[in-house]
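Analysis of the macromolecular model
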Amino acid sequence: MSKALDLITRVRGVRGAMLVSAEDGLIVAEQLMEGIKGGAVAALAASLAGRLRRAMEAAGTGTSVFWHLQAEQGALLVVPGGDAADGILVVAVAEPDVNIGLVRLELLRAAETVV
Amino acid sequence: MADDIRALSAQLAQDPQSLVFLRLGEALRRKGQLEGALRVAMNGLERHPHLADAHDLYARILTDKHDYERAFDEWDMAVRIAPHHTGALKGLAFLYFKVGDLAQAEAHLEQARKVEPDDPSIDQAIAMMRKGVTPPTPEQRAAPSPPAAAAAPAAAVSSSGFDEARVFAGLEGANEGLLLIDGAGRVLGGALRDGSGADVTDRVAAYLAGVSQEAARTAKLLGLGAWNGLSAEGQHGNVHLAHPTPDALLLVVRERGMPLGRLAILAQRATTMARRWLEKQ
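Quick caveat, the model's predicted, so the values are computed rather than measured.

Section: the sheet that holds strand β4 (residues 74–81) of chain A
Pairing between the strands of a sheet comes from backbone hydrogen bonds, and it takes one of two forms, parallel or antiparallel. Within the open sheet, the ten strands sit side by side as β2(A)-β1(A)-β5(A)-β4(A)-β3(A)-β3(B)-β4(B)-β5(B)-β1(B)-β2(B). Their pairing is antiparallel. Since the sheet does not close on itself, it has two edges, and those belong to β2 (27–32) of chain A together with β2 (187–191) of chain B, each with one partner. Strand-to-strand twist of the sheet, defined as the mean angle between neighbouring strand axes without regard to direction, takes the value 10°. As paired strands, strand β4 (residues 237–242) of chain B and strand β5 (residues 249–255) of chain B are joined by six bridges and run antiparallel to one another.

See below:
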């Protein structure tokens, strides 16, 4: 698990990575820079993932394979692994100028490894 | 026609800088060879980016391919370059009509009529539009307009449908695939259908209620400042969420073939339109 997180945090601009239980929003593993409130972020990411999953399924787009919250000073990137409802979320916190495509690839790779 | 195309292709090969690509692209379009027409138009545009006729040609091909969003951009560009370009004005009128914005459609046709008062196809299009019949897709000026009877009748759209479409007038899929909701999950505009064609607007709106606040809380907790948007890639389609105002939420849904980056640009345009619309309410 830590190897999977290593590959994500090695990408330039990534401030941390986590594996989060989609069902209860608890951290399974983490590699975060100081100052990031992992527990709270994990809970909110899981809640957001749940809402998004239900909305996307209702809209006919199927479950999400990758999502990305963009903010003024950074981004939260998530790949849901395994069963969408009770699987593992692979989460990365990144700087605004991060290479999104590269992080996405590492997240997808990590999701394959950990699930 | 095939001989014409061969002759025009040969002319273009001899002089790639010439404007013969306009005639070749149009000939291919009329023959239904849209991919070929598209390549010719794009190559022409690369060489003549400030030629309104080139943007007009490209827009007509995109319209034939039902890519109305990009067609709108191209006709819009043609009118910026040449404000009296009647082909582009008629094209914009056609697209406005398609999204139910009759006022804008008529305004563009009237503008075209001022430029070419003797063009009977413009009067014909205005008359057809007033009767609720879709005006013919704009053709090249030199070409004869299709007869009125050839135009397909417009789908019956309720007046409330028109109001909702007006929020996103001019954007691809203004009647579908765009949804504007308030903080409590109530629909303000737009509509959504799933793959089977069932109306899922209210269900999706209900699920999205509170997403805006949650996204804002997450971004704040991470010290990332205000959130700008949320892009998601699904198994069968992609979505983008944005917030035109702190309370409202805009959802754009498109097929998986549309890259997330392009979806974000479309969402940005829809957000601007939605913000303007909300400010007027």
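After that view, the rundown keeps rolling.
Overview of the side chain of B:Asp56
Of note, B:Asp56 is situated in helix α4 (residues 52–64). Excluding residues that lie within four positions of it along the chain, B:Asp56 makes contacts with B:Trp75, B:Ala78, B:His85, B:Gly87 and B:Ala88.

Quick look at helix α3 (residues 34–47) of chain B
Residues and elements named next belong to chain B. Between its terminal C-alpha atoms α3 stretches 20 Å, which fits the 20 Å expected from 14 residues at 1.5 Å a residue. Of the residues making up α3, those classed as buried are Leu34, Gly36, Ala37, Leu38, Val40, Ala41, Gly44 and Leu45. Residues of α3 that are buried in the fold lie against α2 (20–30), α4 and α5 (68–81).

Here's the deal with the interface of chain B and chain A
Of the residues lining the interface, 39 residues belong to chain B; the matching set on chain A comes to 35 residues. A combined buried area of about 3100 Å² lies between chain B and chain A, and 64% of that area is made up of carbon and sulfur atoms. The tally of links between chain B and chain A comes to two salt bridges. A salt bridge links A:Arg104 to B:Glu233; the shortest N-O distance between them is 2.8 Å. Summed over the shared surface of chain B and chain A, the number is 18 residue pairs in polar contact (both at pLDDT 80 or more). Looking at the side of chain B that touches chain A element by element, the count peaks at eight residues for strand β3 (residues 227–234) of chain B. Grouping the amino acids of the side of chain B that touches chain A by side-chain chemistry returns 20 nonpolar, twelve polar and seven charged. With seven bridges joining them, strand β3 (residues 64–71) of chain A and β3(B) adopt antiparallel strand pairing. Considered in β3(B), the bridge of A:Gln70 is made with B:Gly229.

Some details on the environment of A:Ala75
Note on placement: A:Ala75 falls in strand β4. Judged by its relative accessible area of 4%, A:Ala75 falls in the buried class. Distance in space between the C-alpha atoms of A:Ala75 and A:Ala94 is 5.2 Å, their sequence separation being 19 residues. When residues no more than four places from it in sequence are discounted, the contact partners of A:Ala75 are A:His68, A:Leu69, A:Ala92, A:Val93, A:Ala94 and B:Leu224.

With respect to the pattern of salt bridges
Residues and elements named next belong to chain B. Per the stated rule, a full pass over the model turns up 21 salt bridges over all chains. Ionic pairing is found between Arg30 and Glu26, a salt bridge with its closest N-O pair at 2.9 Å. Of the two residues, Arg30 and Glu26 both sit in helix α2, four residues apart, roughly one turn of that helix. The class for Arg30 is partly exposed, based on a relative accessible area of 39%. Ionic pairing is found between Arg269 and Glu69, a salt bridge with its closest N-O pair at 3.1 Å. Taken together, the positions of Arg269 in helix α12 (residues 260–280) and Glu69 in helix α5 put the pair 200 residues apart, joining distant regions of the chain.

So, helix α8 (residues 120–130) of chain B
Residue and element names in this part refer to chain B. Every buried residue belonging to α8 is among Ser121, Ile122, Ala125, Ile126, Met128 and Met129, and all of these are buried. Down the axis of α8, the smallest arc covering the buried residues is 165°, so these residues share one side. Facing away from the buried side of α8 by more than 90 degrees, the exposed set consists of Pro120 and Arg130. The secondary structure elements touched by the buried residues of α8 are α6 (86–98) and α7 (102–115).

Here we look at the nonpolar core
The biggest cluster of nonpolar side chains holds 43 residues, and the ones touching the most others in it are A:Trp67, A:Leu76, B:Val204, B:Leu208, B:Leu230 and B:Leu251. Element by element, the count of residues in this core is highest for helix α2 (residues 38–59) of chain A, at eleven residues. Not counting chain neighbours up to four residues away, the residues in contact with A:Trp67 comprise A:Ala45, A:Leu48, A:Ala49, A:Leu52, A:Leu76, A:Leu77, A:Val78, B:Leu230, B:Ser231 and B:Ala232.

Here's the deal with unusual backbone geometry
Residue and element names in this part refer to chain B. With a phi angle near 65°, His66 is a residue other than glycine that sits in the positive phi range. Position of His66 among the secondary structure elements: in the loop between α4 and α5. For His66, a relative accessible area of 54% translates into the label exposed.

Description of the pairing of β4(A)
All names here are of chain A. Most of β4 sits inside the fold, with eight of its eight residues counted as buried. Of the two faces of β4, both are covered, the one formed by Gly74, Leu76, Val78 and Pro80 as well as the one formed by Ala75, Leu77, Val79 and Gly81. In terms of strand pairing, β3 meets β4 through five bridges, oriented antiparallel. Pairing of Leu69 across the sheet is with Leu76, part of β4. The antiparallel pairing of β3 with β4 creates a hairpin that spans two residues between the two strands. Pairing of β4 with strand β5 (residues 88–94) involves seven bridges; the strand directions are antiparallel. Following the sheet pairing, Gly81 is matched in β5 by Ile88.

Reading the values: rules and limits
Residues numbered from 1 in each chain as written. Chains lettered and ligands numbered in written order. Predicted model: local features only at pLDDT ≥ 70, side-chain atom pairs only at ≥ 80, totals over all residues. Heavy atoms only, no water. Pairing = 2+ DSSP bridges. Helix = DSSP H or I, 4+ residues; strand = E, 2+ residues; numbered from the N terminus. Axes fitted to C-alpha atoms, helices over the stretch in contact; angles between N-to-C directions. Contact = heavy atoms within 4.5 Å. Expected span 1.5 Å × (residues − 1). Buried < 20%, exposed > 50% of the residue type's maximum accessible area, 1.4 Å probe, protein only. Buried area = accessible area lost by both parts, 1.4 Å probe. Salt bridge = Lys/Arg side-chain N within 4 Å of Asp/Glu carboxyl O. Polar contact = N/O pair within 3.5 Å; in protein donor to acceptor, adjacent residues only side chain to side chain. Nonpolar A, V, L, I, M, F, W, Y, C, P; charged D, E, K, R; others polar. Arc of directions from axis to C-beta. Core = buried A, V, L, I, M, F, W, Y, C linked by side-chain atoms within 4.5 Å.

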